[in-house]
Amino acid sequence: MTTRMIGDLTVSAVGLGAMTLTQLPDFDSAVGQRAIDCALEHGITLFDTADSYGPTSDMGVNESELARLLGSRVRDVVVSTKGGHTRHENASWWINGAPDHLAQAARNSAQRLGLDALPLYHLHRPDPQIDFRASVEALARLCDDGVVQRVGVSNVNAQQLAIAIEVLGPTLVSVQNELSPLRTESLDLLDTCEAHDIAFLAWGPFGGLRAAQGLGQVAPPFLRVARLYGVSVYRVVLAWMLALSPAIIPIPGGRRPSSIIDSAAAPTLTLARHELAALNTFAFGSARRPTLVVV
């Protein structure tokens, strides 16, 4: 497994999104244990979770399960968690970016994960009812208080990222936004991340591909390249994403060892320049990644 940087942290070039480990109403801990053991065996050292990942309205379900599955190994890897979402009746999703909520949420996450300080903590989503700057300043205080060591922001736009950079400076080490061949709205943040040495953790890298019927009609260039190399289309997606920028670290979810092994193998797949151009054209309408204004 090749590596990439999140601030001063060296992590695997592909991470594992832990949300799927507890996504089913009656999740199977044995399945989760096999998934985590497989990820570690194949060099994955970045695990992404959040206090709001369910499946129930109870907070911390996924964090607690991930901590149990990792055991003492939790200190040998980087666990990235998030706060700012809440769950209520019928496990519905709400948002709370209030500074006092984030202060307590981060402490609760550290306790559930069994860590003295969180290595990486993200604001899960901007709260439209709370001034974004106030939420980001709360992250800065968590760093000052030693509750978290590094911070990130998630599901942000370019203006919000500019505010986070201004407030947090070098403490801001990552952005976690959706990015996939079918979801490229966050591409405008990538140049800014590169310019400020901020890692881009791409969630949902297969966005829509797995659920799409007739995959050949949805992403034909990706499918053609996959057939050429005799690998899955998902491995091609991750390899393409890694080639887009050294700042990108995809964090696909996965429960099945076969899927995790496939994702972990993506950094070893080197795509030819003309293949990357074809994939870029499908995703962006241009053979080259668009260059945008850096904030």
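Structure: see above.
The sections below set out a description of the structure shown in this document. (Residues numbered from 1 in each chain as written. Predicted model: local features only at pLDDT ≥ 70, side-chain atom pairs only at ≥ 80, totals over all residues. Heavy atoms only, no water.)

**Looking at the pairing of strand E10 (residues 172–178)**
Link 1 in the chain: Counting buried residues in E10 gives 6 out of 7 residues, a clear majority hidden from the surface.
Link 2 in the chain: In the sheet, strand E9 (residues 151–154) pairs with E10 via 4 bridges, with the strands oriented parallel. If you follow Val-151 over to E10, its bridge partner there is Leu-172.
Link 3 in the chain: In this view, the connection linking E10 to its parallel neighbour strand E11 (residues 199–203) by way of helix H6 (residues 190–195) has right-handed handedness. (Buried < 20%, exposed > 50% of the residue type's maximum accessible area, 1.4 Å probe, protein only. Helix = DSSP H or I, 4+ residues; strand = E, 2+ residues; numbered from the N terminus. Pairing = 2+ DSSP bridges. Right-handed = clockwise from strand over helix to strand, strands pointing away.)

**Things to note about helix H10 (residues 257–264)**
Link 1 in the chain: The complete set of buried residues in H10 reads Ser-259, Ile-260, Asp-262, Ser-263 and Ala-264.
Link 2 in the chain: In this structure, the buried side of H10 is in contact with strand E3 (16–17), helix H1 (29–41) and helix H9 (233–244). (Contact = heavy atoms within 4.5 Å.)

**Side note on the packing of H1 against helix H2 (residues 61–70)**
Link 1 in the chain: Running from N to C, H1 and H2 point in directions that differ by 60°, and their axes come no closer than 9 Å. Between H1 and H2, the crossing angle belongs to the class labelled oblique. Crossing of H1 against H2: the hand is right-handed. Of H2, the residues touching H1 (which contributes Ser-29, Gly-32, Gln-33, Ile-36 and Leu-40) are Glu-65, Leu-66, Arg-68, Leu-69 and Leu-70.
Link 2 in the chain: Partitioned by chemical class, the residues of the contact of H1 with H2 number 5 nonpolar, 3 polar and 2 charged. (Axes fitted to C-alpha atoms, helices over the stretch in contact; angles between N-to-C directions. Parallel < 35°, antiparallel > 145°, perpendicular 65-115°, else oblique. Left-handed = near helix turned anticlockwise from the far one by under 90°. Nonpolar A, V, L, I, M, F, W, Y, C, P; charged D, E, K, R; others polar.)

**Re the layout of surface pockets**
Link 1 in the chain: Here the largest pocket is characterised by a volume of approximately 560 Å³.
Link 2 in the chain: Met-19, Trp-203, Gly-204, Ile-251 and Gly-253 are, among the 27 residues lining the largest pocket, the residues nearest its centre.
Link 3 in the chain: In terms of residue class, the lining of the largest pocket is made up of 10 nonpolar, 12 polar and 5 charged. (1 Å grid on protein atoms, 1.4 Å probe; cavity = no way out; pocket = protein on both sides within 12 Å on 5 of 7 lines; lining within 4 Å. Points joined across faces, edges and corners; volume = space filled by probe spheres on them.)

**What to know about the pairing of strand E1 (residues 3–6)**
Looking along a regular strand, one sees side chains alternate from face to face of the sheet.
Link 1 in the chain: Residue alternation in E1 divides its side chains into a buried set, Arg-4 and Ile-6, and an unburied set, Thr-3 and Met-5.
Link 2 in the chain: In this structure, E1 lies alongside strand E2 (residues 9–12), joined through 4 bridges in antiparallel fashion. Of the residues in E2, the one forming a bridge with Ile-6 is Leu-9.
Link 3 in the chain: Here E1 folds back onto E2, and the loop between the two strands holds 2 residues, one of which, Gly-7, carries a positive phi near 65°.

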